[in-house]
Amino acid sequence: MNKVLLIIEDERDMQELMKKFIEKAGLKLEIYSAFDGKEGVEKYKELMEKGKKPDLVIMDLKLPAMDGVEATKKIMEMDNNAIIYGFTAFFDTDWARRLIKAGAKKIIPRYVGFKGFVEELKKFFEEK
Amino acid sequence: MLNILFALYPDKWEMYKLFFEESPIALTVVEEDGTISYANKKFAELTGYKLHEIIGEHFTKFVAEQDRERMNEYHIKRVRGEEAPQEYEYKCLRKDGKIRVVRIKVIKLPENRTLSCKIDVTEKKEVEELFKRVVESTILAVFIYQDDHFVYVNPAVEKLTGYCKEELLKMKFWELVHEKYKEKVKERGRKRQKGEEIEPSIYEIPYYTKDGKLKWALCSLTNIMYKGKPAALATAMDITDKKVAEEEIRESRRKFEFLYQNSPSLNIIIGFDGRIIDINDSFLKLTGYKKEEVIGKKVLSFVADYHKEKVMKQLEQDFKGIKTPSIEVDIKGKKQMHTILFGEGQVIVYEKGEPIGVLLSGIDVTTHKKMEKALKESEERFREVADLLPTVICEFNLDGKILYVNKAGFDLFGYTVEDLKAGINALDLIHPEDRKKAEERIKEIIQGKKLGPIEYRMFKKDGSQLNILVNSSPIYKDGKVVGIRSVLTNITELKRTEKALKRSEEKYRNLFEKMKDALYISTIDGKFIDVNQAMVELLGYDSKEEIYKLDITKDFYCNPGDREKIIKEISKKGYVKDYEIEIKRKDGKKLIVLETCHERRDENGNVIGFEGIIRDITEKKEMERALKESEEKYRMLVEMSQEGICVDDENENITFVNEAFAKLLGYKKEELLGKNIFELVHEDDRKKLEEEVKKRRKGEASKYEIRFIAKDGRIKTFIVSAIPLYKNGKFVGSLSVNLDITERKIAEEKLAESQALYKAITESSPSGIFILQGGEFKFVNSKFSNSIGYTLEELKKMNYLELIHREDRYKVNEAIKKVMKKEETILPEFRYVTKDGRVRWAVGTGVVIEYKGRPALLGTITDITEIKEMHEKERKFIEDTSHYFFNPICVAKGYIELIRERINGEEKNMLEKANQALTRLEKIVKNIVTRGEIHE
């Protein structure tokens, strides 16, 4: 069974590129998308109920409706074992620190590019 | 960070630069590894290092060893993103090794950098502690009163008054003062409370202690502002002992003056220069002079010319303190001559411990002398009468040579005056057969036997014989028989002769009665058989008859053995003269008298009794004793006095100091004598002393404060009370009483310094300082007042929470509760609202103190609004930069990456270049966001 990845990111280009690079790297993942914080939380809940609890969540910080920190808190409340990685431009801010505080395990800075991003994913899933 | 600001606000670069570099707060930026990458001038000043010695060093180099581990731990926690205290105190280690206490506030910057703001609070801490210690531990009572009440008292006030602090703080400041001074103290105190300057500021006040004792205090007052209102600050010390001693001196002096002036004796004090220093009223009354006519004049100018030499000689002895005999001197009175008998010896008179002359005490014997003169005249008259008598009276010496014979004698025996001058022996005139008998009788008379008349046959010059009845008696001179007086009666004329004798006896009797000295005749077995009226009065009996009943041994002499002693003395030489002895009056009172007495013998020469004169010297003796006691008392007082007493002469050379004065200045007494007082006075105070001496020369007493230099060079501050001294109306120097107030002075100065410093620090503090009690402001400094826009008066009417931003009230209230429980000393960041409605950010500190007997919060607040705003702008900038740059770059690079694999050749190269350009841009943005620097 494929691993499940939930990407919460408001920019469609970013969503698309992340998927393309995952695919290109040959990672066999079942990818779900959400475009704001609120939707992300709902999607996580829905997947959990379907028995498809995401193995990893990629979370942006600056999101409409509900920001990344709030969304992380909600997810963690739902599932204390949830694994969330921040992938954000706000990597060196209090905001990012608050994300960690809310339960995120790691922050992947935007400047590492998609290659760097995929490397992190590979590392995560291989270890798993 | 500065670079970021510069990038953002390039036009404000100078302002920020200035803000950091010139900030009165010491600022440093510490890197993740703990090295200092930025420090301002204030930090360099705080640590004593140059800026280039600081940059690149680990921050713990500037931390005292005991705080190093703790501070480093905080730093590591901050780097790890863990919680660490943001504001606390630590000890800063300076380059010179000195430690300063510093209040620090740490603000986190990006990339695990920290900005530290530091304020040096060492002096504030020390001064607070010093001020408290000085005031609380000084033995000087210190208190403040305001609105008529004590508002501050130190422990010494409790000791001084016997009331405890709580009791005092409920009292009005004048309540303890003696009734006589109460209104005055109240009136002056109220003026002082209004801020009026009142002189003098030092005075002595009597007051009551809690247990009702009346005491004296020396108070010093000054106007101060206390809690924003005028008040009086006073210091006081107990001077009761000094006041009591002063009172005793006055009493002793008053007693002496009373005795001296009111004694019936004639008292005169003669200076060693022979001039009269003082004379009592009795003396003036007798002589008719006014005091000013006598004082300062040579005593000899009042002495009769014929007595001047003997007085001069006796005074020389008196001045040397040699015991001199009593002396009779004729003194020229205003109207007549007075004969005064001065007693034996003399009393040396001291003034301020120094001998100034002698006190002579005498009694007026003019009347007595007149009587003596009268007696002499009476005798002359007697001789004249004797010459007129038909009875022969004749006196001859022990050899029988006739010395005197009356006219009747010449007439009866036919001799002339010339014959008498040529020498006639009485025995030659006696019939040879009667001569032997006559010679024997003379011997018996010489031995003191009283013999009856005898009849002799005698010859006239012409050889004719006469029958003469001869009655002889001895002639005494100075108690010795020097001759014989005989009355020769022609027997036919016996009756006439007897009458003449009787008259003579009456004359003597009259004299005996009128004498002012007490005279007596007594029997051998101790009974008086005759006394004169003076004796009756002296002994206080009602009549002579009462005296005749007395047993002399038991009832007359105080000591029963005295009579026997006197009789023994008399038996040696036939008499005693001026024998000092105590006798009893009828009322039992003792009298000290001088007794002069000789034996009485019968015609057979047996001692049958005594005749004597009693002179009362009780009063004189008593006066001498009282005078001596009084004098002794002064000397004791002067020597025992704890205050330095000093006497100097008209040239300010010291002539006397007491032990205390010498001790205060660390000298021996002898070292100070002869020294000029100006040498001992502080150079800067000599002019002041000159002015004070000028005042004294004008006759003014004065009190002033002056600094002396002790032998070891220390400065001693004395309160000097000085009076001018006069001799014969001329200024001869000063007497001063010196109270050492050095300790008090030093304490006062320290207190003033400490207060001034304390106030200066409080008022110049860059932080707002306040005292909060029960939610109300009790004190705020000007910084606090200025920051918040309200005056203390306005703040007093408000609850402090009204100043706090609504959202932060709970937080601040909780923090203050913790401070009051002593669990916390830091107030967290909070917002406050100024009077004009601006919202500002601040941090604060708080400690619990005792204020007016109740716990209060002493707090500080530091406005951090500017730092906070800057921080916020910086955060926004970084977030915006991240968002607007990284996302598009990331997307662009992602697509290029995907396309690059699908094309080849020139196009691929071109795309690669575009990718590289984006990577460069990404790097630049990263540097801006993470380091605040614009470069690749």
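Notes on the structure in this doc start here. No experiment lies behind these values; they were computed from the predicted model shown.

Focus: the overall build of chain A
Right, so step 1: What chain A contains, in helices and strands, is 5 helices and 5 strands.
Right, so step 2: Along chain A, helices and strands appear, N-terminal first, in the series β-α-β-α-β-α-β-α-β-α.
Right, so step 3: Within chain A, buried positions represent 54% of all 128 residues.
Right, so step 4: Within chain A, residue pairs in contact and separated by at least 24 positions form 68% of the contacts whose partners lie at least 6 positions apart.
Right, so step 5: Surface exposure of chain A reaches about 6,000 Å², of which carbon and sulfur atoms provide 46%.
Right, so step 6: Each charge class in chain A was averaged separately, 25 positive and 24 negative side chains, and the resulting centres sit 2 Å apart.

Focus on the interface of chain A and chain B
Right, so step 1: Between chain A and chain B, the residue contacts involve 21 residues of the former and 21 residues of the latter.
Right, so step 2: Around 2,000 Å² of area is buried between chain A and chain B when both sides are counted, 66% of it from carbon and sulfur atoms.
Right, so step 3: The tally of links between chain A and chain B comes to 2 salt bridges.
Right, so step 4: In this structure, the salt-bridge partner of glutamate 897 of chain B is lysine 115 of chain A, at a minimum N-O distance of 3.2 Å.
Right, so step 5: For the side of chain A that touches chain B, the secondary structure elements donating two or more residues are α1 (12-24), α4 (94-102) and α5 (113-127) of chain A.
Right, so step 6: Among the elements that make up the side of chain A that touches chain B, the one with the highest residue count is α1 of chain A (7 residues).
Right, so step 7: Looking at the side of chain A that touches chain B, its residues break down into 10 nonpolar, 1 polar and 10 charged.

With respect to a nonpolar patch on the surface
Right, so step 1: Side chains of Tyr884, Phe885 and Leu921 of chain B sit close together on the surface and give an oily, nonpolar patch of about 310 Å² of accessible area.
Right, so step 2: By the secondary structure assignment, leucine 921 of chain B is in helix α33 (residues 905-931).

Observations regarding the packing of helix α2 (residues 37-49) of chain A against helix α3 (residues 68-78) of chain A
Residues and elements named next belong to chain A.
Right, so step 1: For the pair α2 and α3, interaxial distance at closest approach is 9 Å and the crossing angle is 20 degrees. One finds that α2 runs roughly parallel with respect to α3. The handedness of the crossing between α2 and α3 is right-handed. Contacts between α2 and α3 involve Gly37, Val41, Tyr44, Lys45 and Met48 from the former and Ala71, Lys74, Ile75 and Met78 from the latter.
Right, so step 2: Its residues assigned to classes, the contact of α2 with α3 shows 6 nonpolar, 1 polar and 2 charged.

Focus: unusual backbone geometry
All names here are of chain B.
Right, so step 1: Phi angles above zero are rare outside glycine, and glutamate 111 is one such case at about 55 degrees.
Right, so step 2: Considering the arrangement of structural elements, one finds glutamate 111 in the loop between β4 (99-109) and β5 (113-120).
Right, so step 3: Under the relative-accessibility criterion, glutamate 111 is labelled partly exposed at 24%.
Right, so step 4: With a phi angle near 45 degrees, aspartate 578 is a residue other than glycine that sits in the positive phi range.

Definitions and cut-offs
- Residues numbered from 1 in each chain as written.
- Chains lettered and ligands numbered in written order.
- Predicted model: local features only at pLDDT ≥ 70, side-chain atom pairs only at ≥ 80, totals over all residues.
- Heavy atoms only, no water.
- Helix = DSSP H or I, 4+ residues; strand = E, 2+ residues; numbered from the N terminus.
- Buried < 20%, exposed > 50% of the residue type's maximum accessible area, 1.4 Å probe, protein only.
- Contact = heavy atoms within 4.5 Å.
- Areas by Shrake-Rupley, 256 points an atom, 1.4 Å probe, with all protein chains shown as cover.
- Lys, Arg positive; Asp, Glu negative; His and termini not counted.
- Charge placed at Lys NZ, Arg CZ, Asp CG, Glu CD.
- Buried area = accessible area lost by both parts, 1.4 Å probe.
- Salt bridge = Lys/Arg side-chain N within 4 Å of Asp/Glu carboxyl O.
- Nonpolar A, V, L, I, M, F, W, Y, C, P; charged D, E, K, R; others polar.
- Patch = residues over 30% accessible without salt bridge, like charges linked within 9 Å, V, L, I, M, F, W, Y side chains within 5 Å.
- Axes fitted to C-alpha atoms, helices over the stretch in contact; angles between N-to-C directions.
- Parallel < 35°, antiparallel > 145°, perpendicular 65-115°, else oblique.
- Left-handed = near helix turned anticlockwise from the far one by under 90°.

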